[in-house]
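# Commentary on secondary and tertiary structure
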Amino acid sequence: MSDTPFGFGLPPEEPEDGDGKKKDPAGGGQGAGGQGGNPLGFGGQGGADNPFAAMFGSMNPNDLGAAFQQLGQMLSYEGGPVNWDMAKQIARQTVAQGTADGTKDESIGPAERAAVQEAVRLADLWLDDATSLPSGSTTAVAWSRAEWVEATQPAWKELVDPVAERVGAAMGGVLPEEMQAMAGPLLGMMRSMGGAMFGQQIGQAIGVLAGEVVGSTDIGLPLGPAGKAALLPLNIAAFSKDLGVPQDEIRLYLALREAAHQRLFAHVPWLRSHLFGAVEGYARGITVDTAKLEDAVGQLDMSNPEQLQEALQQGMFQPEDTPQQKVALARLETALALVEGWVDAVVHAAAKPRLTSADALRETLRRRRATGGPAEQTFATLIGLELRPRRLRDASRLWASLTDARGVDGRDDLWEHPDMLPTASDLDDPDGFVHREHLDFSELDKMLGEAAEQNGPSLKKDEPKDEPKAEPKDGKGDDSDTEGESGK
């Protein structure tokens with residue numbers, strides 16, 4: 001769990017200029033993400049007695065209009081817990097600045113789009129032999145970093161808003177009712193600034209991620225539109241450096257991973273809500289240190305906006321490890337490990353006979369996913385959770401063992417129902433799980449449906465409601481002991 005839930009701490013390392021100083025992703029001063037203690041992100045080293053000089057003093061006069069416009073947006077915002085318009089603006093600015101290696105975003109040409117489409121088409125063909133789940137990709141697209149920002153924003157809203165809303169509700173509940181009425185304008189201004197600051201840091205975090213991700217499912221969650229298998233050619237080129245593997249092979253291997261994710265999320269309808277619901281469950285457990293918040297509010301000088309940012313960075317919001325949060329976090333980590341482990345096993349089965357670099361690429365992707373990088377750290381600042389699956393290798397071994405014991409169909413049938421999936425303890429004893437008998441929930445659902453159809457017509461409108469329902473013809477009202485897959 002991150003020590004700075006919802007990104008109030010310093011964001012991940014920013015690119016450095018030649019003189020060793022941090023670059024400003026928003027184009028001014030110490031950066032838009034809260035660097036230098038300036039929540040408004042306008043930079044400046046003006047006198048301490050003049051907050052406007054501190055905010056605008058070192059700016060080029062041509063930039064003052066944009067700065068005042070941004071300030072106006074902050075103070076006039078009346079939307080939800082996050083100013084998503086500002087988040088998108090900051091994300092695009094961060095993307096425009098380029099990555100640490102100096103790579104700038106660029107439009108995708110026809111040749112790159114054709115290469116991605118062909119890679120996804122071939123990947124889906126190979127995956128047909130490795131999984132019983134049919135293709136989940138209706139289209140294959142090549143995105144620039146800016147296009148990735150635009151396409152993934154709806155998913156970010158769904159992930160981040162519950163956390164931001166819980167934080168905002170906790171803030172509003174600190175002051176007594178009578179004081180809230182008296183401090184209405186002040187609270188309104190704080191909500192506006194809070195939504196803008198959330199949007200600012202989230203935007204920068206998403207902008208940093210856009211410089212690293214190679215597809216729409218890098219973090220194990222479906223961030224793009226359903227049915228769109230997406231790759232980022234510019235980031236694939238950066239990822240390919242120094243690997244000693246032809247870029248065509250790397251593109252194809254990454255297309256296999258993207259297409260495998262798409263199959264899973266398209267044909268396991270409960271999976272997306274299961275993962276996103278775990279994030280919401282975590283958010284519901286967020287608590288606020290009211291003593292710190294009351295003290296911060298009491299000492300807040302609205303003429304010095306840096307003070308609020310400093311208070312936020314000092315841990316105004318401290319999530320506690322409540323039982324509810326522990327359950328939600330364990331549920332999320334296990335589900336992500338199972339998703340990533342299944343993708344790893346399926347992709348390896350498809351790639352191993354066909355790509356000489358399959359083993360090397362598998363290990364590279366495993367390490368990248370397991371150890372994390374700036375992208376993983378950045379995501380942790382968004383919602384206060386580290387979504388890195390800690391048990392990727394264990395999950396991958398379990399899925400491979402299931403394939404050997406039950407075949408491709410028997411392995412993939414476990415996605416029929418969440419209660420059929422391995423648990424965290426099963427990852428400790430994969431052999432025990434592989435050879436354990438499991439209920440076939442799909443067959444049970446079918447029988448229950450047939451029983452309901454048989455019962456339904458027997459209750460006519462003119463029949464008394466207190467009469468017992470007709471029994472199924474076979475006399476078996478419950479067949480919960482139906483034997484599912486065999487252990488072999």
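Look above for the structure.
Figured I'd write up the structure that's included with this text. (Residues numbered from 1 in each chain as written. Predicted model: local features only at pLDDT ≥ 70, side-chain atom pairs only at ≥ 80, totals over all residues. Heavy atoms only, no water.)

## Details of the overall build of the protein
From N to C terminus, the protein includes 19 helices and two strands. The buried share of the protein, taken over its 488 residues, is 50%. Restricting to contacts in the protein with at least 6 residues of sequence separation, those with at least 24 account for 76%. A total accessible area of about 22800 Å² is found for the protein, and carbon and sulfur atoms account for 51% of it. (Helix = DSSP H or I, 4+ residues; strand = E, 2+ residues; numbered from the N terminus. Buried < 20%, exposed > 50% of the residue type's maximum accessible area, 1.4 Å probe, protein only. Contact = heavy atoms within 4.5 Å. Areas by Shrake-Rupley, 256 points an atom, 1.4 Å probe, with all protein chains shown as cover.)

## Observations concerning the side chain of His 274
Within the secondary structure, His 274 is located in helix α10 (residues 271-284). Look past the residues within four positions of His 274 in its chain and what remains in contact with it is Arg 331 and Ala 335.

## Observations regarding the environment of Ala 155
Note on placement: Ala 155 falls in helix α5 (residues 145-172). With relative accessibility at 4%, the residue Ala 155 sits in the buried group. What Ala 155 contacts, discounting residues up to four positions off in sequence, is Pro 222, Leu 223, Arg 272 and Phe 276.

## Brief notes about the nonpolar core
One finds Trp 148, Trp 156, Leu 271, Leu 275, Trp 342, Trp 399 and Trp 415 to be the most contacted residues of the largest nonpolar core, which totals 88 residues. The element contributing the most residues to this core is helix α13 (residues 323-351), with 13 residues. (Core = buried A, V, L, I, M, F, W, Y, C linked by side-chain atoms within 4.5 Å.)

## As for α13
In an α-helix, one full turn covers 3.6 residues, which means residues spaced three or four apart are oriented alike. Under the 1.5 Å per step criterion, the end-to-end length of α13 is 42 Å for 29 residues, consistent within 8% with the ideal 42 Å. Burial analysis of α13 places 22 of its 29 residues in the buried class, which makes it a mostly covered element. (Expected span 1.5 Å × (residues − 1).)

## A few points about the pattern of salt bridges
According to the stated counting rule, one finds 21 salt bridges in the structure shown. A salt bridge links Arg 113 to Glu 147; its shortest N-O distance comes to 3.9 Å. One end of the pair, Arg 113, is in helix α4 (residues 110-127); the other, Glu 147, is in helix α5, and 34 residues separate them in sequence. The partly exposed category is assigned to Arg 113, whose relative accessible area is 31%. As a salt-bridge pair, Arg 263 and Asp 128 come within 2.8 Å of each other at their nearest N and O atoms. (Salt bridge = Lys/Arg side-chain N within 4 Å of Asp/Glu carboxyl O.)

## Considerations on the packing of α13 against helix α14 (residues 358-371)
When two helices pack together, their arrangement is given by the angle between the helix axes and by the axis-to-axis distance. Close contact between α13 and α14 brings their axes to 10 Å; oriented N to C, the two are set at 165°. By the angle between their axes, α13 is roughly antiparallel relative to α14. Along this stretch, α13 crosses α14, giving a crossing that reads as right-handed. Together, Glu 340, Asp 344, Ala 345, His 348 and Ala 351 of α13 and Ala 358, Asp 359, Arg 362, Arg 366 and Arg 369 of α14 make up the contact between the two elements. A breakdown of the residues in the contact of α13 with α14 according to their chemical character gives three nonpolar, one polar and six charged. (Axes fitted to C-alpha atoms, helices over the stretch in contact; angles between N-to-C directions. Parallel < 35°, antiparallel > 145°, perpendicular 65-115°, else oblique. Left-handed = near helix turned anticlockwise from the far one by under 90°. Nonpolar A, V, L, I, M, F, W, Y, C, P; charged D, E, K, R; others polar.)

## Overview of the packing of aromatic side chains
Applying the stated rule across the entire model yields four aromatic pairs. On the basis of an interplanar angle of 65° and a centroid distance of 6.3 Å, the ring pair of Trp 148 and Trp 156 is categorised as edge-to-face. A relative accessible area of 0% places Trp 156 in the buried class. One aromatic cluster in this structure is built from Trp 270, Trp 342, Trp 399 and Trp 415. Here Arg 272 stacks its cationic end above the ring of Phe 276, 4.2 Å away from the centre of that ring. (Phe/Tyr/Trp six-rings, centres within 6.5 Å; stacked < 30°, edge-to-face > 60°. Lys NZ or Arg CZ within 6 Å of the ring centre and 35° of its normal.)

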